[in-house]
Every structure is written in structure tokens, then in C-alpha cells.
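Listed here are the chains, written in short residue letters.
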Amino acid sequence: KNEVEQSPQNLTAQEGEFITINCSYSVGISALHWLQQHPGGGIVSLFMLSSGKKKHGRLIATINIQEKHSSLHITASHPRDSAVYICAVETQGGSEKLVFGKGMKLTVNP
Amino acid sequence: DSGVTQTPKHLITATGQRVTLRCSPRSGDLSVYWYQQSLDQGLQFLIQYYNGEERAKGNILERFSAQQFPDLHSELNLSSLELGDSALYFCASSVSGVGKLFFGSGTQLSVL
């Protein structure tokens, strides 16, 4: 079993829909990252969070440390949100290694 | 633009060869990370350098090595290349420890 699991693996939505991407992890963590990878391959860091909730534009990320779960929400989705969304965790114990989920491919149709 | 520069963007080589991938971090960032992304394994952490010193090691093969120079740029050396080494190699940087990461555009390595 992977230490970081993402669901769903693929999602197709219509423009304007509210989208939720889930990430569950099985290890103790010091922080969790949400990354976005566009079809061209480039990776952008969206959020880094260790508790609570963060918001940036139409994106909202939440984390529940007790339940070992994080969600990334996209409001009013747009075709330009089409990308792979990757969850990654920093494990506890002073390690600065990131452990990555497999990613979720989102396609938003106009 | 993340401010992290990786060269080359594409590299095609043959099995058994050796290649060097280069990464220049954002100005002021002391940490450099190397990651490998393959279709079957996804993203995997390889190695981290902080201000010239190796800080953490991940799933890096013995055939691979890296270093960070005094000007903070880093190089990842891949030797005795195998077909399975074909992947996208990313470099990322951060100010110190693993805070927000800034990724380069990656080097696509094809081993034929």
C-alpha cells in the first residue's frame, strides 16, 4: 500500500463545476504539499499546509491531521484547470524527503 | 517562470553512456532537490543538497551522483545508463528546508 493515496485517479468535469480531489496518507507528517503539473510537464507548487485551511483564488486546500486526510477544492472550474494534481507529504522525524501520491488527472471540458 | 533553470530540456543518449543534468536554483535559495518522474513510478525523491552539503537521500541509484557547487548550482550525474533510466528529471529549490518548492521545467532523458 502506498503511503500517499489519491482519489479519484481521473476526473472529467464540465466548466463551472465544483471539484474535490482527495489525498490520504498513512504516515506521520510535518506538512503536506499540493502540486499542479500541466500537460507540458512543468510543476507548480499550489499549497503547503500543516493544519487547517488555505485559499488562493479559486483553490482551497484543507487538511485534517487526525484523520490523515487532505482535500483540494476547485470552485468554478475552468478548462485551464486541466492538469495532474499531485499530493506529497513531508514525513516526520526530521526527514526532508517528499513522498508523492500518483496524482489525479483532471480534465475540465468547456 | 519559477526562477529555477534546468538544462538541457531534452537529452537523448545510448545505454551505457553518462550524462550530466544541471540546475540553477532561484536566487537566494540554499536547498536544491532532485526528483525523477517515470510513467510507472510517478515522482520520486532522489537527493537534496543544502548550501553545498548533502542533506537527505532518497531512492537514488549508486550509478547516480549529485553535487552542489559554491555558487549553489547543482549537477546530477547519471552513468552506465539503462533503458529504465528514461524519465523526466526535475530539480526544485527552496529557501532552506522543505518549504514551498519551486520547480524547474525538467530534463526529459531518453535512453535508447
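A few points on the structure. (Residues numbered from 1 in each chain as written. Chains lettered and ligands numbered in written order. Predicted model: local features only at pLDDT ≥ 70, side-chain atom pairs only at ≥ 80, totals over all residues. Heavy atoms only, no water.)

**Quick word on the overall build of chain B**
Turning to step 1, where the next piece is worked out: Along its length, chain B carries zero helices and eleven strands.
Turning to step 2, where the next piece is worked out: In chain B, the order of α-helices and β-strands from amino to carboxyl end is β-β-β-β-β-β-β-β-β-β-β.
Turning to step 3, where the next piece is worked out: Taken over the C-alpha trace, chain B has a radius of gyration of 13 Å; the compact-globule value for 112 residues is 13 Å, and the two agree within 12%.
Turning to step 4, where the next piece is worked out: Expressed along its principal axes, the backbone C-alpha trace of chain B runs to roughly 35 × 30 × 25 Å.
Turning to step 5, where the next piece is worked out: Within chain B, the proportion of its 112 residues that are buried is 52%.
Turning to step 6, where the next piece is worked out: When contacts within chain B are restricted to residue pairs at least 6 apart in sequence, long-range pairs at least 24 apart make up 54% of them.
Turning to step 7, where the next piece is worked out: Just so you have it, chain B exposes about 5,200 Å², and 49% of that area is on carbon and sulfur atoms.
Turning to step 8, where the next piece is worked out: Taking the 8 positively charged and 10 negatively charged side chains of chain B as two groups, their mean positions are separated by 5 Å. (Helix = DSSP H or I, 4+ residues; strand = E, 2+ residues; numbered from the N terminus. Rg over C-alpha atoms; globule rule 2.2 N^0.38 Å. Buried < 20%, exposed > 50% of the residue type's maximum accessible area, 1.4 Å probe, protein only. Contact = heavy atoms within 4.5 Å. Areas by Shrake-Rupley, 256 points an atom, 1.4 Å probe, with all protein chains shown as cover. Lys, Arg positive; Asp, Glu negative; His and termini not counted. Charge placed at Lys NZ, Arg CZ, Asp CG, Glu CD.)

**What about the interface of chain A and chain B?**
Turning to step 1, where the next piece is worked out: Of the residues lining the interface, 14 residues belong to chain A; the matching set on chain B comes to 20 residues.
Turning to step 2, where the next piece is worked out: Both sides together, the interface formed by chain A and chain B hides about 1,500 Å², and carbon and sulfur atoms give 59% of it.
Turning to step 3, where the next piece is worked out: Scanning the region where chain A abuts chain B turns up zero salt bridges.
Turning to step 4, where the next piece is worked out: At the surface where chain A touches chain B, the tally comes to two residue pairs in polar contact (both at pLDDT 80 or more).
Turning to step 5, where the next piece is worked out: Elements that contribute at least two residues to the side of chain A that touches chain B include exactly β4 (29–37), β5 (43–49), β9 (83–91) and β10 (98–100) of chain A.
Turning to step 6, where the next piece is worked out: For the side of chain A that touches chain B, a count of residues per class yields six nonpolar, four polar and four charged. (Buried area = accessible area lost by both parts, 1.4 Å probe. Salt bridge = Lys/Arg side-chain N within 4 Å of Asp/Glu carboxyl O. Polar contact = N/O pair within 3.5 Å; in protein donor to acceptor, adjacent residues only side chain to side chain. Nonpolar A, V, L, I, M, F, W, Y, C, P; charged D, E, K, R; others polar.)

**Thoughts on the nonpolar core**
Turning to step 1, where the next piece is worked out: Within the largest apolar cluster, 25 residues are counted, with the highest numbers of intra-cluster contacts made by L32, W34, F47, L72 and Y85 of chain A.
Turning to step 2, where the next piece is worked out: Only β3 (19–25), β4, β5, β7 (59–64), β8 (69–74), β9 and β11 (104–109) of chain A provide two or more residues apiece to this core.
Turning to step 3, where the next piece is worked out: For F47 of chain A, the contacting residues outside a window of four places in its chain are L32, H33, W34, K54, K55, H56, L59, I60, A61 and L72 of chain A.
Turning to step 4, where the next piece is worked out: L11, L21, L76 and L81 of chain B belong to the second-largest nonpolar core, a separate cluster that totals 21 residues. (Core = buried A, V, L, I, M, F, W, Y, C linked by side-chain atoms within 4.5 Å.)

**Considering the sheet that holds β8 of chain A**
Either a parallel or an antiparallel arrangement is found when strands of a sheet pair, and the pairing is made through backbone hydrogen bonds.
Residues and elements named next belong to chain A.
Turning to step 1, where the next piece is worked out: As summarised here, the arrangement of the five strands in space is β1-β3-β8-β7-β6, forming an open sheet in which the pairing is antiparallel. With one partner strand each, in any of the chains shown, β1 (4–7) and β6 (52–56) form the two edges of the open sheet. The average undirected angle you get between the axes of adjacent strands in this sheet is 15°.
Turning to step 2, where the next piece is worked out: Pairing between β7 and β8: six bridges, direction antiparallel. Note that in β8 the partner of A61 across the bridge is L72. (Pairing = 2+ DSSP bridges. Axes fitted to C-alpha atoms, helices over the stretch in contact; angles between N-to-C directions.)

**Observations concerning unusual backbone geometry**
Turning to step 1, where the next piece is worked out: Geometrically, the link from S7 of chain A to P8 of chain A is a cis peptide bond, its omega value of -10° lying close to zero.
Turning to step 2, where the next piece is worked out: Put simply, T7 of chain B and P8 of chain B share a cis peptide bond, and its omega is -10°.
Turning to step 3, where the next piece is worked out: Assignment of secondary structure puts P8 of chain B in the loop between β1 (5–7) and β2 (10–13).
Turning to step 4, where the next piece is worked out: Although it is not a glycine, K68 of chain A sits at a positive phi angle of roughly 55°.

Everything listed is a geometric property; what it means functionally is a separate question.
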